[in-house]
Amino acid sequence: MVEWEGILIQHLMKEGTKYLWYVVIAVAVVIIVIALAKGPQSYQPGATATPSGSPSASASATPKVGAKTTPVSTAPGTYGDAVTAYANRRIQFDQYCQAVPSSLSIKKGLAIMLDNRSGDSRTFAVGGVYFTLPGYGWKIYIPPVTAVPATLHIDCGSARNVGTLIVQ
C-alpha cells in the first residue's frame, strides 16, 4: 500500500505542475492582450499620440544640454492637413529610423515636416537641435540657419546621419 501512495502522490504532483503551467501561460496571454489593446503609452508634454493615427504636432523643441534651440512654426490642424501642406518638404522616419527622402533641399526660412512613422517614441536631431516625437508623432520645424548654403545632418535615435537637409 505504501508503494501505491508514493506513486499516487508523484502522479498528482506532476499533474499539478502541468496545470500550474497552464495557468501561467493563460495569465501571460491575458497580459499581452491587454497591453496590445492599450497600445504604446508615453508621456510627451505638448504632443499627444492618438490610436487613430492622427497625432497633433508638438509645440516646441526639447533641447539636450549644450544643444541649440530654435522656434517651431505653427502646424496645420491635423496630420492629413500637414501631409498635404508639406508634401514636398516632409521627411518620414520608419521603424528602423531610415529617412525618406534621405536628402532634402529647401530655401532658407521655410519649414519642413518631421514625421515619425514608427510606433515608438524617438529622439531626432537636425543640425544639433534635438526633438523627441511620440510614436506616429510629427513636428513642423524651421531650421535656424544664418548663412547659406548650409548642410544639416539628421540623426534618429542612436542612428547618426540618416538624412541630410540642405538649406539654400
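Keep in mind that what you see is a predicted model, and the values were worked out from it rather than measured.

Looking now at the nonpolar core. Judged by nonpolar contacts, the single largest core of 22 residues is most densely connected at Ile91, Phe93, Ile112, Leu114, Val126 and Leu165. Of all the elements in the fold, those that place two or more residues in this core are strand 1 (90-93), strand 3 (103-106), strand 4 (112-116), strand 5 (122-126), strand 6 (129-133), strand 8 (150-156) and strand 9 (159-167). Examining the composition of this core, we find that four residues originate from one element, strand 8, more than from any other. The residues touching isoleucine 112, leaving out its near neighbours within four places in the chain, are Tyr86, Arg89, Ile91, Leu104, Ile106, Lys139, Ile140, Tyr141 and Leu165.

Right, let's talk about the sheet that holds strand 2 (residues 99-100) for a bit. Across the sheet, four strands lie side by side as 2-1-4-7; this open sheet has mixed pairing. A single partner strand is all that each edge strand has here, and the edge strands are strand 2 and strand 7 (138-141). Summarising the sheet, strand 1 and strand 2 pair through two bridges and their orientation is antiparallel. Note that in strand 2 the partner of phenylalanine 93 across the bridge is alanine 99.

Let's shift gears to the confidence of the model for the chain. With 64% of its residues at a pLDDT of 70 or more, the chain shows a mean pLDDT of 76. For the chain, per-element mean pLDDT is lowest for helix 1 (residues 2-38), which scores 68, and highest for strand 1, which scores 96. Confidence drops under pLDDT 50 across residues 40-73; counting only partners more than four residues distant or on other chains, this segment forms 65 contacts.

Between valine 100 and proline 101 the backbone carries a cis peptide bond, its omega angle lying at 0°. With respect to the helices and strands, proline 101 occurs in the loop between strand 2 and strand 3. Between valine 148 and the following residue, proline 149, the backbone shows a cis peptide bond with an omega angle of -5°. Looking at where proline 149 falls in the secondary structure, it is placed in the loop between strand 7 and strand 8. One non-glycine residue, cysteine 97, lies in positive phi territory at about 70°. Relative to the elements of secondary structure, cysteine 97 occurs in the loop between strand 1 and strand 2. One non-glycine residue, asparagine 161, lies in the positive phi region at around 55°.

Take the environment of isoleucine 154 next. Within the element layout of this structure, isoleucine 154 appears in strand 8. A relative accessible area of 0% means that isoleucine 154 is categorised as buried. Put simply, isoleucine 154 and glycine 128 are 26 residues apart on the chain and 8.3 Å apart in space, counted from C-alpha to C-alpha.

Take the environment of glycine 137 next. With respect to the element layout, glycine 137 can be found in the loop between strand 6 and strand 7. Look at glycine 137 and you get buried, because its relative accessible area is 0%.

In a beta sheet, neighbouring strands are held together by backbone hydrogen bonds and run either parallel or antiparallel to one another. Sheet architecture is open: five strands sit in the order 3-9-8-5-6, paired in mixed fashion. Of all the strands in the sheet, just strand 3 and strand 6 have a single pairing partner and so form its edges. Averaged over neighbouring strand pairs, the angle between their axes works out to 25° when direction is ignored.

Turning our attention to the pairing of strand 9. Two faces, one strand: in a regular strand the side chains alternate between the faces of the sheet. Pairing analysis gives four bridges linking strand 3 to strand 9, with the strands arranged parallel. Counted as the bridge partner of serine 103 is threonine 164 from strand 9. Of the pairings in the sheet, the one linking strand 8 to strand 9 comprises six bridges and is antiparallel in character. Note that in strand 9 the partner of threonine 151 across the bridge is isoleucine 166.

Rules used in this analysis
Residues numbered from 1 in each chain as written. Predicted model: local features only at pLDDT ≥ 70, side-chain atom pairs only at ≥ 80, totals over all residues. Heavy atoms only, no water. Core = buried A, V, L, I, M, F, W, Y, C linked by side-chain atoms within 4.5 Å. Buried < 20%, exposed > 50% of the residue type's maximum accessible area, 1.4 Å probe, protein only. Helix = DSSP H or I, 4+ residues; strand = E, 2+ residues; numbered from the N terminus. Contact = heavy atoms within 4.5 Å. Pairing = 2+ DSSP bridges. pLDDT = per-residue confidence, 0-100. Axes fitted to C-alpha atoms, helices over the stretch in contact; angles between N-to-C directions.

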